[in-house]
Amino acid sequence: MKSVAENYRYIGKAMPRMDGQEIVTGKTAFLDDLKFHNLLIGKVLRSPHPHAMIKRIDTSKAEQLKGVKAIITHETAPDWKGGLPPIRLLDRKVRYVGDVVALIAAETERIADQAKRLINVEYEILPAVFDDYEAMKPGAIQLYDDLPGNILPLGSDEISGATWATEIVTGDVEKGFAEADAIIEGGFAYDNIPNPISIESPAAVALWEEPDKVTLWVSNHKVWNNKRLLSPIFGDKVQIRIIGGACGGSYGAKAMSWQVQCYAAALSKATGQPVKVIFSKEEQLGCFILRPATRLNAKVGMQKDGTVTAVAGSWLVGTGYYSRTTQIQIAVGCGEAMIAVRCNNWNVKPSIVCTNRNASGIVRGFGGQELKCALIPLLSLAMEKLSLDPFEVLKKNFVKPGDGYFWRNAAWYNYRGIDYSRAMDEGAKTFGWKEKWKGWLKPTAVEGTKHIGVGVGVHGNADVGEDMSEAYVRIDNDGRVVVISGLTEHGTGQRSNVVKAVAEVLQLPLEFISITPGDTLVTPVEWGPAGSRGTYAILGAAISAADDAKKKLFQLAAPMLGTDNFEDLETADGIIWLKSDPEKRIDWKKVLKFRTVIGHGRFDEDFSLSNCMMSFVELQVDTETGKIDLLRVVNATDVGKVIDPHGLEGQLNGCLGSAGIDSAIFEETILDPTTGCILNTNLIDYKWRTSAELPVIENVVLETPIDSHRFHALGIGEISTSPGPSAVLMAASNAIGQWLHEYPVTPERVLKTLGKSMEKKQGGSL
Amino acid sequence: MTRQEKKFSGSALEGKHHINLTVNGQLYELAIGTGAGKVNPSDTLSFTLRETLGLTGTKVSCDSGACGGCTVIMDGRAVLSCMLLSIECDEKEITTIEGLKNPKTGELDPLQQSFIDHTAFQCGFCTPGMIMSSKALLNDNPSPTEEEVKEALSGNFCRCISHYQIVRAVMAVSGKGK
């Protein structure tokens, strides 16, 4: 690799976020802060039953209420469908507690809530199924007429028509097992379906202008993807404009906001007025996106030197009542397994099953975290049998230059990235792995009932180069620059980083550059931040656009500076000069006069690079109470080149929240198996980590140039939640000296594993 | 007596037709009742601030007192504005995120500047609540320890996990108030 000039003006420098001033003064306009004329409030009446047919629905009383503008039921709803199997926006059948029964638009929230209570619904209650295994059994309750066994097809999604990988099958597993020194067989589950819970609830405002124009103000990070999702739902005739703004957290989930957007759109279509729908926290926790549930049963073969010779088994993914992206998550998860485990012989067969609970979908970690949380513990059983150090085995097995993997589109990619071993070694050194690792199921230290254990996990994702990005860079005749991009800000600082990258290419002061709002009416296609693609893909397009604009500007300037070759020129701070004679110079404004220059940049998908993060955790288990305290986390990665040190730190510290490490300790969505109700749909009962219980986090970040774009950088943020949960399971098992198999490792589970019953401590007796 | 007034009989608001709120130094006399610009007896303080006074810097997330997103300062203390009825706030002095800037110079409060300097936010939705909770702490205790900062912010939900940078931002101005 050629050496990189490290002489950057902006890249790698800690700088204030472009939107910082607005954020700290409360001026940042999130969706609920926008003002609209004649705005109506939309509300959703939801099913109290997990599975039922609506026999009769009477809205007459509610319609008479003053201030109610529209009520939509399955009888009057537009025939909009989405997902797999394609579900109607409002259906006669409800399939989970919280499924939509009616939509109401009213002048105020109070009136809409009152109207909800006046709608009379008669249900024919049907038996329901909540367990993924039960749902697959012969004779199980069927959620759909045409989905036998509640099993969803793999390999395609209805939006893109793309083909997705459906399995990991390669080599000869029997041969692999024959070559193994140890073979283990077992099962692990990561099926506590945690919720990423963005602080800002899912929401949308829609204005439908008859006959076929709709504008949606959205709260997410993927405006162009919204358009792509909604287009087939509304039909080609409908002109869709999506306007994005500041997004108060997503962690992937809000990319799947099509239902809330359709509710607002349907109500606006019915009333002719703009309608805002904002989910309550109860709705977000009970009716919005959860992680897919994972159950892996597999056989693993391993040699004495840690070589994995074969992996074979079944991966069951529970998706709830329908799927929008689970097929793709399985495809990515399979590829990520191959990235983390260099093995020649695979036979892992996934399947997706529907049950009567709320849907799973996109959450950062996207399939790979789910599979990894079960696969790494399985590998660990083999390592234990061979007395191998998990750090060494995970390091050895992570993809190396020259290796390859099947990615989500079922195509093979030769990996052309860096060897992450050095970052892992640095992480282990910082953590003190060698000193703390005492062997399998051995605590690092014991003091009374306090047992300390350590664990390690790893994750990598080739979606760093997924999908498409485009940008325009417009140089105006006042010497200022506008980046035209469909990117919205959801917390990574990506919009600031785009401006930084363009400023670096054009060597302009930052304040000379602005960026358009993410609005599909004015911006080119942008897939949006996902899978850590911001650094490679989104910046890649912006860099190309800036290069293109610069070239066009130089082509105009060249004759003015007496050359016919634009490559003879250089620029900084709005001045262009001849490289060979810097005295020959000209101001941009003089070059442009009354002209605008526009450069275009495009990024096309590239799956031949992967990021990598290894997380080391140290925790303390109290064997008396079963409580786990997370003491320390060391995250190790190599990002090629840091773009934004503060933003990077924030993303890496994000390893705890948004259904990350804490989903192994206390985070879970608790579904009552008798009623199908989610029992913890509020921020008291759904546990989250507070600032009073922060572990020490150290982030080890290396900068080995990666062959991405001119800054040699690769994104990492999305995966920071992913290596931690399995590391926690390992650490807790080591601390107590027995294998734990379930997430989260609650006090009850610890005590049960230790053979200490909690029962006598529960309740009271006379 | 109207029905509405009867509701307040026996309370401090008996016979009152309006409440006085001082928000960011400005006095608002708000009529009690229904309709635009009025305070309905069931309106929360966060609703009045956002919808009636247009101060949307105060964010509402859980709307049930669990996340700290709507924190404002009332008579010097951090309070959850989603858990207070506006009519209970009669004669109270309230500071919201919009009121932290120096009104004369327009300069940011050092705490706000420190949040920018440390990039003590990611999505930024919890930030106004975090800043108001921190400000209330610093008003009460100008030199808090790191542990005291963590404790004071333990009711503020941040899902991006910006806590580490937030604690650093608050500590950077801790002691400066002395």
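Residues numbered from 1 in each chain as written. Chains lettered and ligands numbered in written order. Predicted model: local features only at pLDDT ≥ 70, side-chain atom pairs only at ≥ 80, totals over all residues. Heavy atoms only, no water.

Another aspect to go through is the overall build of chain B. Check the secondary structure of chain B and you find six helices and five strands. Starting at the N terminus and walking to the C terminus, you meet the elements of chain B as α-β-β-α-β-β-β-α-α-α-α. Rg of the C-alpha trace for chain B: 17 Å, near the compact-globule value of 16 Å for 178 residues, within the 12% margin. Along the first, second and third principal axes, the C-alpha atoms of chain B reach 55 × 35 × 25 Å. For chain B, buried positions account for 54% of its 178 residues. Taking the intrachain contacts of chain B between residues at least 6 apart in sequence as the baseline, contacts between residues at least 24 apart amount to 58%. For chain B, the computed accessible surface area is about 7,600 Å², with 48% contributed by carbon and sulfur atoms. The positive charge centre, built from 17 side chains, and the negative charge centre, built from 20, are 3 Å apart in chain B. (Helix = DSSP H or I, 4+ residues; strand = E, 2+ residues; numbered from the N terminus. Rg over C-alpha atoms; globule rule 2.2 N^0.38 Å. Buried < 20%, exposed > 50% of the residue type's maximum accessible area, 1.4 Å probe, protein only. Contact = heavy atoms within 4.5 Å. Areas by Shrake-Rupley, 256 points an atom, 1.4 Å probe, with all protein chains shown as cover. Lys, Arg positive; Asp, Glu negative; His and termini not counted. Charge placed at Lys NZ, Arg CZ, Asp CG, Glu CD.)

Here we take up the pairing of strand 18 (residues 346-354) of chain A. Residues and elements named next belong to chain A. Most of strand 18 is tucked away: seven of the nine residues are buried. With two bridges joining them, strand 9 (residues 151-152) and strand 18 adopt antiparallel strand pairing. From the neighbouring strand, Leu152 faces strand 18, where its bridge partner is Ile352. Pairing of strand 17 (residues 308-320) with strand 18, which is carried by nine bridges, proceeds in the parallel orientation. Bridge pairing in strand 18 places Ser314 opposite Lys349. (Pairing = 2+ DSSP bridges.)

We now examine the sheet that holds strand 1 (residues 18-23) of chain B. In a beta sheet, neighbouring strands pair by backbone hydrogen bonds and run either parallel or antiparallel. All names here are of chain B. Taken in spatial order, the five strands line up as 2-1-5-3-4 in an open sheet, and their pairing is mixed. One side of each edge strand has no neighbouring strand; the edge strands of this open sheet are strand 2 (26-31) and strand 4 (77-80). Geometrically, the sheet is characterised by an average inter-axis angle of 40° between neighbouring strands, direction not taken into account. Of the pairings in the sheet, the one linking strand 1 to strand 5 (residues 92-95) comprises three bridges and is parallel in character. Bridge pairing in strand 5 places Val23 opposite Ile94. Against the sheet, helix 4 (residues 127-140) contacts strand 3 (71-74), strand 4 and strand 5, and its axis sits at roughly 30° relative to strand 3. (Axes fitted to C-alpha atoms, helices over the stretch in contact; angles between N-to-C directions.)

For the rest of this paragraph, the subject is the domain arrangement of chain B. Residue and element names in this part refer to chain B. Considered domain by domain, chain B is made up of domain 1 (3-99) and domain 2 (110-173). Placing the centre of domain 1 and that of domain 2 at their C-alpha centroids yields a distance of 24 Å. The interface is formed by 17 residues belonging to domain 1 together with 13 residues belonging to domain 2. With both sides pooled, the region where domain 1 packs onto domain 2 buries about 1,100 Å², and carbon together with sulfur makes up 68% of that total. Contact with domain 2 buries area across many residues of domain 1, yet Lys59, Ile73 and Ile97 alone supply 43% of it, more than any other trio. Linking domain 1 with domain 2 are zero salt bridges. Summed over the shared surface of domain 1 and domain 2, the result is three residue pairs in polar contact (both at pLDDT 80 or more). (Domains from an automatic or database assignment. Buried area = accessible area lost by both parts, 1.4 Å probe. Salt bridge = Lys/Arg side-chain N within 4 Å of Asp/Glu carboxyl O. Polar contact = N/O pair within 3.5 Å; in protein donor to acceptor, adjacent residues only side chain to side chain.)

A separate point is the interface of chain B and chain A. Each partner contributes to the interface: chain B provides 45 residues, whereas chain A provides 51 residues. Between chain B and chain A, the buried area comes to about 4,100 Å², and carbon and sulfur atoms account for 57% of it. Together, Phe157(B), Arg159(B) and Tyr164(B) form the three largest contributors to the area buried by chain B at its contact with chain A, with a combined 21%. Taken together, the connections running from chain B to chain A amount to six salt bridges. Of the charged contacts in the structure, one is a salt bridge between Arg50(B) and Asp33(A), with a shortest N-O distance of 2.8 Å. Where chain B touches chain A, the interface holds 23 residue pairs in polar contact (both at pLDDT 80 or more). If you list the elements that add at least two residues to the side of chain B that touches chain A, you get helix 2 (45-52), helix 3 (110-117), helix 4, helix 5 (146-152) and helix 6 (163-173) of chain B.

Looking now at unusual backbone geometry. Residue and element names in this part refer to chain A. For the bond running from Leu84 to Pro85, omega is -15°, close enough to zero to count as cis. Checked against the element boundaries, Pro85 lands in the loop between strand 4 (81-82) and strand 5 (87-88). In this structure, the amide linkage connecting Tyr743 to the following residue, Pro744, adopts the cis form with an omega of -15°. With respect to the helices, strands and loops of the structure, Pro744 is situated in the loop between helix 18 (724-736) and helix 19 (747-753). You will see that Ile193, though not glycine, has its phi angle at about 35°, which is positive.

Residue and element names in this part refer to chain A. Strand order across the open sheet formed by five strands is 21-22-30-31-32, with mixed pairing between neighbours. Each end of this open sheet is capped by a strand with a single partner; those strands are strand 21 (445-447) and strand 32 (696-702). For this sheet the average axis-to-axis angle between neighbouring strands, irrespective of direction, equals 15°.

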